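Each chain is listed here by its residues.
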Amino acid sequence: MLSKDDAQTILKKVLSFSTTDECEATLNGSTGGNVRSARNSISTAGAAENVSLSVQARFGKRSGLATCNEFDEASLRRCVQRAEEIARLAPESPEYVPLLGPQTYLTSPGSFAARTAAITPDYRAEQIGASMALCDQKKLSSAGFFNDSAGFVAKRNSKGLEAYQQRSSVDFSITVRTADGTGSGYAIANYTDLAKFDAARLTRVAADKAASSVNAKAIEPGKYTVILEPAAAVDLLSNMMGAMDARNADEGRSFLSKKGGGNKKGEKVFDERVTIFSDPTNPDVPDLTFSGDGRPQQQVTWVEKGVVKNLYTSRFWAQKSGVPDIPPPGGWIMAGGTQSTADLIKSTAKGILVTRLYYIRAVDPQTLLYTGLTRDGTFYIENGAIKFPVKNFRFNESPVIMLNNLEALGKPVRLGGNLVPPLKIRDFTFTSLSDAV
């Protein structure tokens, strides 16, 4: 974990070796560890620590990139020379834009937690141990993964840009099965600060789902009202956010493309209750305040009351098209309500509760149609209560259609660096049954 001063000292030295028209150097450092369990036993454990340097050298519109992870003067100089050799051999880029000059960035002190950076192997073992012990007591079998990391990113270029930020994260996922393998449950969480983490609590959630999902009944596929828990909603929503690129839309390759050209920015595309934004300073999902190319990450509204407000773009496309130069977000926040998943269940006359979606694959990029499977706990709801577990389904659905069939949103929770609410959706399409649990 290099300090800002130490990192920038290295980067200044790297730039001093450059003979190119433009040069940019980036340091990425990380330290962390992990523990993996299977069948209530630790199967692997590890730790990793690394600092790497990448150097981008430019002669006019030609660029080359080289990396290294040794920091003596000879290695640094050789890395710069290698980048320059590659640049001389490279063709000119038709989408060249000059490197950025000095930038002003927001501050996001919450992106790094000292407690997370101080995690020890003993702590990892204790957390996984508590998880496994709980499953042993209940005669259930578990497979878990705990991973923590802390690190920094530092950037500097020959035009005067300078950036530095620390970050940390804790990730945990757990799958729990009944002894006969017919019931399965799942829980997942990630945090910046270790203080919010509790492996035993998450394991209890997965264990309860596993015990409740045995003797699942087969019901006919079709269109159902569903409640997607955040772990079920996050992947479809992330795929949608990843498709909000202005160039793809302008060139007719996106769900946001307009017939005859252009994009749907400013148009109502979703239910009016849908609002999605990003904010790298949000205390629940703090993020880097600069993008990979050095552009500032700002507070950006992507969808407001169903209307598409902004699309992200490359610097080249922003300049060519004369549109706002907005980088893609690191994470996103979907506004929700105050209801829990349990509250959404109580308000449902008939429907299906989905814990998780799996093996999601694109069917049609222009409509964002996806197919995949439910797993690890799927339940039938009747008169505001869970009545029985059901066999898993294959689904065919688009998050665009899904967010136009919205009935209710619950309270958002953090998943994958995003804030994701549970969603109640009508007419969600299940196409066939799956025998997997």
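Residues numbered from 1 in each chain as written. Predicted model: local features only at pLDDT ≥ 70, side-chain atom pairs only at ≥ 80, totals over all residues. Heavy atoms only, no water.

## Let's talk about helix H4 (residues 121–137)
Operational definition: The helix count covers DSSP runs of H or I at least four residues long, the strand count covers runs of E at least two residues long, and both are numbered beginning at the N terminus. One fewer than the residue count of a helix, multiplied by 1.5 Å, yields its expected span. Buried means the residue's accessible area, taken with a 1.4 Å probe over protein chains only, is under 20% of the maximum for its type, while exposed means over 50%, and partly exposed covers the values in between. Working note: the arc is built from the helix axis to C-beta atom directions.
Compared with an ideal rise of 1.5 Å per residue, which puts 17 residues at 24 Å, H4 spans 24 Å between its outermost C-alpha atoms and is within 8% of the ideal. The complete set of buried residues in H4 reads Tyr123, Arg124, Gln127, Ile128, Ser131, Met132, Leu134 and Cys135. Down the axis of H4, the sector holding all buried residues measures 165 degrees, keeping them to one side. Away from the buried face of H4 by more than 90 degrees, exposed residues Pro121, Asp122, Glu126 and Gln137 are located. Positive phi appears at Lys139, one or two residues downstream of H4, with a value of about 55 degrees.

## Overview of the UniProt feature "domain: Metalloprotease TldD/E N-terminal" (unreviewed entry) in the protein chain
Selection criterion: UniProt positions are given in the numbering used here, feature names are shortened, and annotations may be inferred rather than shown by experiment.
According to UniProt, the "domain: Metalloprotease TldD/E N-terminal" (unreviewed entry) feature falls on residues 24–87. The span residues 24–87 is 23% helical and 64% strand by assignment, and the distance between its end C-alpha atoms comes to 13 Å.

## Topic: the packing of helix H1 (residues 4–16) against helix H2 (residues 73–89)
We apply this condition: Axes here refer to lines fitted to C-alpha atoms; in helices the fit is confined to the stretch in contact. Angles between the N-to-C directions go from 0 to 180 degrees. What sets the label is the angle itself: under 35 degrees gives roughly parallel, over 145 gives roughly antiparallel, 65 to 115 gives roughly perpendicular, and the rest give oblique. What makes a crossing left-handed is the near helix being turned counterclockwise from the far one by less than a right angle; a clockwise turn instead makes it right-handed. A contact between two residues is defined here by any heavy atoms of the two lying within 4.5 Å. Charged means Asp, Glu, Lys or Arg here, nonpolar means Ala, Val, Leu, Ile, Met, Phe, Trp, Tyr, Cys or Pro, and polar covers whatever is left, Gly included.
Contact geometry for H1 and H2: axes closest at 9 Å, N-to-C directions at 55 degrees. Considering their axes alone, H1 and H2 lie oblique with respect to each other. When you trace H1 past H2, the crossing you get is right-handed. Together, Ile10, Lys13 and Val14 of H1 and Glu73, Leu76 and Val80 of H2 make up the contact between the two elements. Here the contact of H1 with H2 is composed, by residue class, of four nonpolar, no polar and two charged.

## Quick notes on helix H5 (residues 199–212)
Note the cut-off: Polar contact is the term for a pair of N or O atoms within 3.5 Å; when the atoms are in protein, one must be able to donate a hydrogen and the other to accept it, and sequence-neighboring residues count only if both atoms are side-chain atoms.
Taking 1.5 Å per residue, 14 residues should reach 20 Å; H5 reaches 20 Å between its end C-alpha atoms and fits that length. The N-cap of H5, judged by a side-chain oxygen 3.1 Å from the amide nitrogen of Ala200 a few residues on, is Asp198.

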